[in-house]
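Given next are the chains, with one letter for each unit.
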Amino acid sequence: MQTPLSWQGFGQWAFLIAAFCFLMLTGWRWERRRNAQEGSARAELGAFIVSGAWALVVAGTGYATLVAQVFESFRTFAWLSLAFVLFSRDGRHTSVAPIRPVMAALIFVETLQFILLMLNVRYGGNAAAQAMIFQISMLFRLLVATGALVLVHNLYAGAMAQQRVALRWSCIAMATVWGYDLNLYTIAYLARTLPVELEAMRGVAQIGVALLLAIGAVRGRSALRFSPSRAVAFQSLSLLVIGAYMILMVGAAQSLTWLGGDAGQLAQLGFVFVTSVLVLAILPSGRLRGWMKVMLAKHFFQHRYDYRSEWLRFTRTIGRGGTHAPSLHERVVQAVADITDSSAGLLLCQGENGEMVLSARWQWPTADVPAEALSIDRVDFFEKRGFIVDLDELRAGVNHQGEDVAVPQWLVEEHSAWALVPLLHFDRLVGLVVLGRPQVARKLDWEDFDLLRVVGMQLASYLAEHAGQSALLEASRFEEFNRRMAFVMHDIKNLASQLSLLSRNAEKHAENPAFRADMLITLRNSADKLNALLARLSRYGGNAAERVEDIDASEVIRAVANRYNAPGQLQVHVTHDAPCRVLANREVLEQVVLHLVQNAIDASAEGMAVFLQCNVDGLYGTIEVIDTGCGMSAEFIRNRLFRPFVSTKQGGFGIGAYEAREMVRAMRGKLEVESREGLGSRFTVRLPLAATQGLISSIEGESTPMGKRWHDE
């Protein structure tokens, strides 16, 4: 008997403290009622006064007395009136039709409690009748609590953003009142009696309600913004799921014990085993986590993104440094992909001729991107419109602004691609980010487009600044290189002059005819080589490939192969050497091919072959140098391969690839490269066919020798 008495005493003190809190809150609000709206102030004061009086009656007489039951009904009427007044603050009591009927139904059901109280007095000596009246009373209170909670939910969820700030604490307080009542009356209805412990703890809940209302009033309502972070909300939702799972486990285990005997034990073991396997398989799933995040953002938050945390993460990703940090281009892709929870991404940047080429990959090694990812004629669409393309819509046939013509076919066929985000810097397309499909795919909305557009402009400025700094660094290195080359050329020129003088003197004074002949040949060859070196070093000053002629590219590749192939050992294989007449300088072209072949040999394992072939491709002849070596990444090709003074070789000058490309350009050609890490590389020298000389002359209105005009351009 000690336990009920102790709980009863605890409950009396709890309700007494609750009554004191409500009365203090009433006095405080009375002093400040002029600062609030008149209707809501009266409703709040009424709810506080009635709640305090009810708590005081329960503390003095107990819950089961007639007067306590009457005051509880009055308390319900007061809180329902407050809810209706809060609905009327933004006019929803007139625009939301179901509010009035629901409110009237709840008041009617609560009014029936008075009839039940009179019946309880009338049949006080009949235990069966009192039990039935108790069950009906609990059922009616359950209906009122449930309906009131629905009203509170609609009151908060349907309010405008500005109104939610003012309604937040009142809604939390009312949800606490009826939420506790719902649980109390549910247990009382099932147990056919009111639990003494829960009734005593009800006083503590009322104290909490008063404190919530006091906090809301002190904070000024409009200044307080209760907004849990995404991380907290996600963890709370995870805990809710785990709690639901634990309840399911307990309920299922309790149900299985009813089987009894060995069958019950086997069923329990089987249930535990199956559910454990499901939990281990499902809970770590990234797809499940992604689904929970999407549902959380959709139903619990006004905006999809927490912009503060997104910006902080964006800044950390872009600003990451260190020797092991990925390149800027990879970080750009990751920064955009993190926003939409995309699993992978690509970055396309402008190539030498204005087309878009692959610049970086992020967690997407399988994407098959052609050498020209986006042709130059398609770039204009993204520069003018800045349109973010939802590729799923495009595949479904939706065409908003003509993007079906601008998006390349390889991107449409790559079903892992999800969205295309342009990076614009002062109306100039700096790059395009291709986002991979997230684990939980969804339709992009206006908030996604706005955030991606702003982030794209920010990233474009970073890329433009990086390109400007690289250009300045390259220019400074060229200046230093040219300064040093001036001294080198001067020294070589003096040496060439000395050798030339020596050859002339030997021609006149040598006494031994055999020695004289050998000396003449040696000296002349040395002088020729030194003069050729001077000519090549001076090429960038104004005489680049000034002699172009009709030559056979197949003869060039055979000559290069013969220089590397020793008797009985083939290192360079010519796989196709059909006649291919191109316009080029034979000496320069041979030097280019020699450089590419040597690089291919250096990049290949010992004993691995290098392949040469020449073909006719439209109006061009091509020479291809193919190896199966280590290959190069897209980032290296884009940012380092053709950059002067950047070399991966020990002691290299880093100008070989750059020089080879400039030589080919001087002959009106192109040097293209395709490579995959671990698979090898293919360098293609593309030169105009000799047969197209007349066509090119007629198209461009050429009136000067071709070599001279090309040089001028």
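Refer to the structure presented above.
In short, a report on the structure. (Residues numbered from 1 in each chain as written. Predicted model: local features only at pLDDT ≥ 70, side-chain atom pairs only at ≥ 80, totals over all residues. Heavy atoms only, no water.)

Attention shifts here to the environment of Leu 45. Relative to the helices and strands, Leu 45 resides in helix H2 (residues 38-61). In the structure, Leu 45 is positioned 20 residues away from Leu 25 in sequence and 8.7 Å away in space, judged by C-alpha atoms. (Helix = DSSP H or I, 4+ residues; strand = E, 2+ residues; numbered from the N terminus.)

Attention now goes to the pairing of strand S4 (residues 417-425). Counting buried residues along S4, 9 of its 9 residues qualify, which places the element largely inside the surrounding structure. In this sheet, strand S5 (residues 428-436) lies alongside S4 in antiparallel orientation, the contact comprising 8 bridges. Counted as the bridge partner of Leu 420 is Val 434 from S5. Hairpin remark: S4 followed by S5, antiparallel, with 2 residues in the connecting loop; positive phi at Phe 426, about 55°. (Buried < 20%, exposed > 50% of the residue type's maximum accessible area, 1.4 Å probe, protein only. Pairing = 2+ DSSP bridges.)

Turning our attention to the packing of helix H3 (residues 66-88) against helix H6 (residues 127-157). Helices that pack against each other are described as a pair by the angle of their axes relative to one another and the distance between those axes. Where H3 contacts H6, the axes come no closer than 10 Å and their chain directions differ by 20°. As the angle between them shows, H3 and H6 are arranged roughly parallel. For the crossing formed where H3 meets H6, the hand is left-handed. Of the residues in H6, those touching H3 at Gln 69, Glu 72, Ser 73, Thr 76, Leu 80, Leu 86 and Phe 87 are Arg 141, Val 144, Ala 148, Leu 151, Asn 154 and Leu 155. Looking at the contact of H3 with H6, its residues break down into 7 nonpolar, 4 polar and 2 charged. (Axes fitted to C-alpha atoms, helices over the stretch in contact; angles between N-to-C directions. Parallel < 35°, antiparallel > 145°, perpendicular 65-115°, else oblique. Left-handed = near helix turned anticlockwise from the far one by under 90°. Contact = heavy atoms within 4.5 Å. Nonpolar A, V, L, I, M, F, W, Y, C, P; charged D, E, K, R; others polar.)

Following the criterion strictly, the structure yields 8 aromatic pairs and no others. Taking 5.9 Å as the distance between ring centres and 50° as the angle between the ring planes, the aromatic pair formed by Phe 74 and Phe 114 counts as tilted. A residue pair is termed long-range when its members are at least 10 positions apart, and Phe 74 in helix H3 and Phe 114 in helix H5 (residues 99-122) qualify at 40 residues. Classification of Phe 114 by relative accessible area gives partly exposed; the value is 23%. A ring pair is formed by Phe 381 and Phe 387, whose centres lie 6.5 Å apart and whose planes are at 70°; its orientation type is edge-to-face. Arg 122 extends its terminal NZ or CZ atom over the ring of Tyr 123, reaching a point 5.2 Å from the ring centre. (Phe/Tyr/Trp six-rings, centres within 6.5 Å; stacked < 30°, edge-to-face > 60°. Lys NZ or Arg CZ within 6 Å of the ring centre and 35° of its normal.)

Everything listed here is a matter of geometry and, on its own, says nothing about what the molecule does.
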